[in-house]
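Coordinates in review
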Amino acid sequence: LPPGRWGLPLLGYIPLTTKSMSQQLTDLRNKHGDIYIWRMGTQLMVFLHDHNLVREAFNRPEIQDRPDWRSFRFNLEEKLGILTSNDHVWLNNRRFTLKQLRDLGMGKSKLVEAVHTQTRLLLEEFKKQADGRKPMPVPHGLNIVIINIVWQMVAGKQFALDDPRINEFNDMTDDLITSFGLTAAPDFLPWLKYLIPSPILKHVFHINAMDNLRDRLLQYFKEEIDHHKETLDPDNPRDLIDAYLMEMEERKDQPDNTFNENDLFIVILDLFFAGKETTASSLVWLIYYLATYTEAQHKMQAEVDEVLPKGTLATLQDRARLPYTEAVIHETLRVSSLISTGVSHAASKDTMLGGYVIPKGAIINSSNITIHHSSRYWDEPHLFKPERWLDNNGKFNTKKEGFMPFSIGKRQCVGEGLARMEMLIFSSALMQNFTITIPPGATLSLESVPRNPFFRRHIIQNLMVTARN
Ligand code: HEM
């Protein structure tokens, strides 16, 4: 077995330190090498610190499952949807969603149009802030525009930014993410259920709260699904819900069919859960880095001014002509390392990796944050240096071993293309219209909220937004 922090049998290793998660992972790597175990509660967590090891692991058929954690599947009995399902359910939903993303968006125009509409709304929010000339946090509307794009993909609709229903929906997705950490405790300490009566356990670890949030979110989807069932025209599918309902009908008599309405609920929930906070937070990180590294901001503005006529929004075709913008996006994803240890995989049988036995049930994590900051792959890793992504002719250089913000292998993020497109269009529009600075006399922390070490959420802070003429 790999070396590491084994701790006590039922408790695992509880660190008595104020060091950040990434510092602890770096210490462990320095001590044990690129693969080691940290037992957390009863869970054998394996951490990988090398690009090739992660690539090997995440392409292995026996390392494709998700852990059997109730918290991971929103406390549901069944493993449905994409993000936390396994086997056929996962494979069918993954293929279906990737096809949907291809058909609805990217090359074709529906999703691009939605991103453009939402970008214009976001620019208005920034404009209000610029007109106010007061230091303020990044507008709340950023979250809503990202949600609206997922709504467009799923149900062909977008809400007004001040619509109370979408704001309530946004708050609930936020609360779901926040309650996630606590609800996971019984998965790591499963023996608690023998010590603490179930109603108390559910209350203390916010499991009731999670059930409640999940059901309220599913109610939103139910209304949409019912409406789609009534109005579906098989010759003219409008969105993901239509396509899923048609798939359900087509496959209903097949013995291995996995498409059903309960599953559709969770596919949709997964897309909001995986697609909203990740993209919104990455954009805020991009803004924070540009406000801190003003030279990079000026260079990006100069490039955008040259390539996009004033008032024009970027499209995917402009990507090749915006190498510095692409470099800023990549560098932001690298330094911020939002999902710092990826999304856990689980070993479905005993296997070997990096010369060690990985027992069935072990949880495999790629230490993205330390790989993204390792001098093995990066020169001056702690600096924000978009130039590292450009070759001598200023062309964008896609290489980059040691870069995996969307993970690698068979479970690699299905929303990567969409997220990249949103980042390109939003960030170039912002730089075309505004300059963003740290308010005079203030500082801007590039540390993340300490509460959740696995998801590096930005700290909400004030910025100055100035309109460019
Ligand atoms: C900057 C934004 C994003 C980042 C950094 C990100 C990152 C990731 C990562 C690290 C994984 C785990 C892959 C693995 O298990 O190995 C993942 C999975 C996933 N992401 Fe994203 N993601 C982003 C945006 C999105 C968007 C916009 C969507 C969809 C609307 C999305 C949908 C998913 C789904 C469904 C999975 C599960 C894939 C599977 O289990 O097969 N993500 N993402």
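Residues numbered from 1 in each chain as written. Predicted model: local features only at pLDDT ≥ 70, side-chain atom pairs only at ≥ 80, totals over all residues. Heavy atoms only, no water.

By the naming in an unreviewed UniProt entry, the chain is Cytochrome P450, taken from Petrolisthes manimaculis.

1. Focus: the overall build of the chain
This is how the line gets drawn: Here a helix means four or more residues in a row that DSSP labels H or I, a strand means two or more in a row labelled E, and each is numbered from the N terminus. Here the globule rule is a power law, 2.2 Å times the number of residues to the power 0.38, and the radius of gyration is based on C-alpha atoms. Relative accessibility thresholds used throughout: buried, under 20% of the residue-type maximum; exposed, over 50%; partly exposed, between the two (1.4 Å probe, protein chains only). Residues count as neighbours in contact if any of their non-hydrogen atoms are within 4.5 Å of one another. For accessible areas, the Shrake-Rupley method is used with a probe of radius 1.4 Å. Any residue's cover is judged against the shown protein chains and nothing else. Charge counting follows a simple rule: Lys and Arg are positive, Asp and Glu are negative, and His as well as the terminal groups are ignored. Where a charge lies is defined by one atom per residue type, namely NZ (Lys), CZ (Arg), CG (Asp) and CD (Glu).
When you go through the chain residue by residue, the secondary structure sums to 16 helices and nine strands. Expected size for 469 residues packed as a compact globule is a radius of gyration near 23 Å; at 22 Å, the chain falls within 12% of this value. Considering only C-alpha atoms, the chain reaches an extent of 65 × 60 × 40 Å along its principal axes. Within the chain, the proportion of its 469 residues that are buried is 55%. When contacts within the chain are restricted to residue pairs at least 6 apart in sequence, those whose partners lie at least 24 apart make up 72%. When the accessible surface of the chain is totalled, it reaches about 20,800 Å², and 54% of it is carbon and sulfur. When the 54 basic and 57 acidic side-chain charges of the chain are each reduced to a single mean position, those positions are 5 Å apart.

2. Observations regarding the coordination of the iron atom of the ligand
Rule in force here: Note on donors: an N, O or S atom is included if it sits within 2.8 Å of the metal, or within 3.2 Å for Na, K and Ca, and water is never included, so sites can look incomplete.
No protein donor other than C413 (SG) coordinates the iron atom of the ligand, and that contact is at 2.3 Å. Among the secondary structure elements, C413 is positioned in the loop between α15 (368-372) and α16 (416-433).

3. Thoughts on the confidence of the model for the chain
Stated precisely, the cut-off is as follows: Looking at any residue, its pLDDT shows the predictor's confidence there, from 0 to 100.
In the predicted model, the chain carries a mean pLDDT of 94, and 99% of its residues have values of at least 70. Predicted as a complex, the structure gets a pTM of 0.96 and an ipTM equal to 0.99.

4. Points about the site of the ligand
Condition: We call a residue near a given molecule or strand whenever any one of its heavy atoms falls within 4 Å of it. Pairs of N or O atoms are called polar contacts if they sit within 3.5 Å, as long as, within protein, a hydrogen donor faces a hydrogen acceptor (for residues adjacent in sequence, only side-chain-to-side-chain pairs). Ten residue types, Ala, Val, Leu, Ile, Met, Phe, Trp, Tyr, Cys and Pro, are classed as nonpolar, four, Asp, Glu, Lys and Arg, as charged, and the remainder, Gly among them, as polar.
Taken together, 23 residues lie around the ligand, and R66, W90, R94, S407 and C413 are the ones closest in. The separation between an oxygen atom of the ligand and a polar side-chain atom of S407 is 2.6 Å. Contributions of two or more residues to the shell around the ligand are made by α3 (87-104) and α12 (261-292). If you tally residues by element for the shell around the ligand, the top one is α12, at six residues. Of the residues belonging to the shell around the ligand, the class tally is 13 nonpolar, seven polar and three charged.

5. Looking at the sheet that holds strand β4 (residues 345-346)
The cut-off we apply is this: The rule for pairing is simple: two strands pair if DSSP sees at least two bridges between them. What counts as an axis is a line fitted to C-alpha atoms, over the stretch in contact for a helix, and the angles between N-to-C directions run from 0 to 180 degrees.
With mixed pairing, the five strands of this open sheet are ordered in space as β1-β2-β3-β7-β4. Of all the strands in the sheet, the pair left with one neighbour each is β1 (4-5) and β4. Both strand β2 (residues 35-40) and strand β3 (residues 43-48) contribute to a ladder of six bridges, which runs antiparallel. Note that in β3 the partner of I35 across the bridge is L48. Sheet strands touched by helix α1 (residues 21-32): β1, β2 and β3. Its angle to β2, the strand with the most contacts, is close to 130 degrees.

6. A few points about the UniProt feature "binding site: heme" (unreviewed entry) in the chain
Rule in force here: UniProt positions are given in the numbering used here, feature names are shortened, and annotations may be inferred rather than shown by experiment.
The feature "binding site: heme" (unreviewed entry), as given by UniProt, occupies C413 in the numbering adopted here. By relative accessible area, C413 is classed as partly exposed at 35%.

7. Regarding the packing of aromatic side chains
What counts, and what does not: Aromatic rings from Phe, Tyr and Trp, taking only the six-membered ring of Trp, are treated as a pair when their centres fall within 6.5 Å; an angle between ring planes under 30 degrees marks them as stacked, one over 60 as edge-to-face, and anything in between as tilted.
Under the criterion given, the structure shown has 28 aromatic pairs. Judged by centre distance (6.4 Å) and plane angle (80 degrees), the ring pair of Y13 and W38 falls under edge-to-face. Note that Y13 is positioned in the loop between β1 and α1 and W38 in strand β2, a separation of 25 residues in sequence. Residue classification places Y13 among the partly exposed residues on the basis of a relative accessible area of 31%. Considering the side-chain rings of W378 and W389, the 5.6 Å spacing of their centres and the 45 degrees angle between planes classify their relative orientation as tilted. Residue W378 is located in the loop between α15 and α16, and its partner W389 is located in the loop between α15 and α16; the two are separated by 11 residues in the primary sequence.

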